[in-house]
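These are the residues of each chain, in order.
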Amino acid sequence: KKKAWMNYTSLVSLGGVVGPLLSNAIIYVIEVRAKAPQRQIWVGLNCGFLGQMLSCVLLGGAVLFSWALDAGSLVLLLVLAWILTIACNNVFTTFFNSASQQRLGRGERGRFIANIMTIFTLGNSVGTMLFGWGLSFGGGQDVRSCVFLLFCGLIFKALLLAQLRRGGLAKEDVMTASAAKSD
């Protein structure tokens, strides 16, 4: 058993290597398919966001049905979720940075990045607190409350994506700023 868990740990570490490689492949495909730079940013943001949602579903399903899986299958699903999460986070971050560089001036970028990092840190702290609170129910044996929180986050992401796509304001801002800088 000890040797098996060492192999599982190696798989998780491998996921940390495969995720960035996969993100580079995804970015390359986006750049080839969406030829216009303005379109690349929009497609990249959507692809990264949708991939994050897919990895959330995969992770939630793996955790929710972990009782029915053997250890190897569970670890494999968790590693796949980890690879997908890393890849999609990298894709989203890459295109988000491209959009912010096109939209913001040099003097504004530093403050913007500091604000984003503060929001991410605050979100991470609140998320950790909520998952700790969720695990405290059922003595840590019942993961349903954590999966429920995960799917609440998924619904929130879906609403954000729908608003972004429906409004189109962000798309127009990114494309307008990009076109203005290229002129």
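Please refer to the structure placed before this passage.
My aim in this report is to walk through the structure given alongside it, one point at a time. (Residues numbered from 1 in each chain as written. Predicted model: local features only at pLDDT ≥ 70, side-chain atom pairs only at ≥ 80, totals over all residues. Heavy atoms only, no water.)

### Observations concerning the packing of aromatic side chains
Applying the stated criterion across every chain, the model contains 3 aromatic pairs. Measuring from centroid to centroid gives 5.9 Å for F49 and F92, while their planes differ by 50°, and the two rings are tilted. You can see F49 sitting in helix α2 (residues 37–64) and its partner F92 sitting in helix α3 (residues 71–103), a full 43 residues away along the chain. Pairing F92 with F96 gives two aromatic rings, centres 5.8 Å apart and planes at 15°, and the pair type is stacked. Here F92 pairs with F96, and both are found in helix α3, just 4 residues apart, close to one helical turn. (Phe/Tyr/Trp six-rings, centres within 6.5 Å; stacked < 30°, edge-to-face > 60°. Helix = DSSP H or I, 4+ residues; strand = E, 2+ residues; numbered from the N terminus.)

### Digging into the nonpolar core
Counting 16 residues, the largest nonpolar core has V91 and F95 as its most contacted members. Elements supplying a minimum of two residues to this core: α1 (2–33), α2, α3 and α5 (144–167). If we ignore the near neighbours within four places in the chain, the residues touching V91 are S23, I26, I27, I30, G44 and G48. (Core = buried A, V, L, I, M, F, W, Y, C linked by side-chain atoms within 4.5 Å. Buried < 20%, exposed > 50% of the residue type's maximum accessible area, 1.4 Å probe, protein only. Contact = heavy atoms within 4.5 Å.)

### Here we look at the side chain of Q40
Secondary-structure assignment places Q40 in helix α2. A polar contact is formed between the side chain of Q40 and the backbone oxygen of A34, at a distance of 3.0 Å. Discounting residues that sit within four places of it in the chain, Q40 has contacts with I30, E31, A34, K35 and F95. (Polar contact = N/O pair within 3.5 Å; in protein donor to acceptor, adjacent residues only side chain to side chain.)

Everything listed here is a matter of geometry and, on its own, says nothing about what the molecule does.
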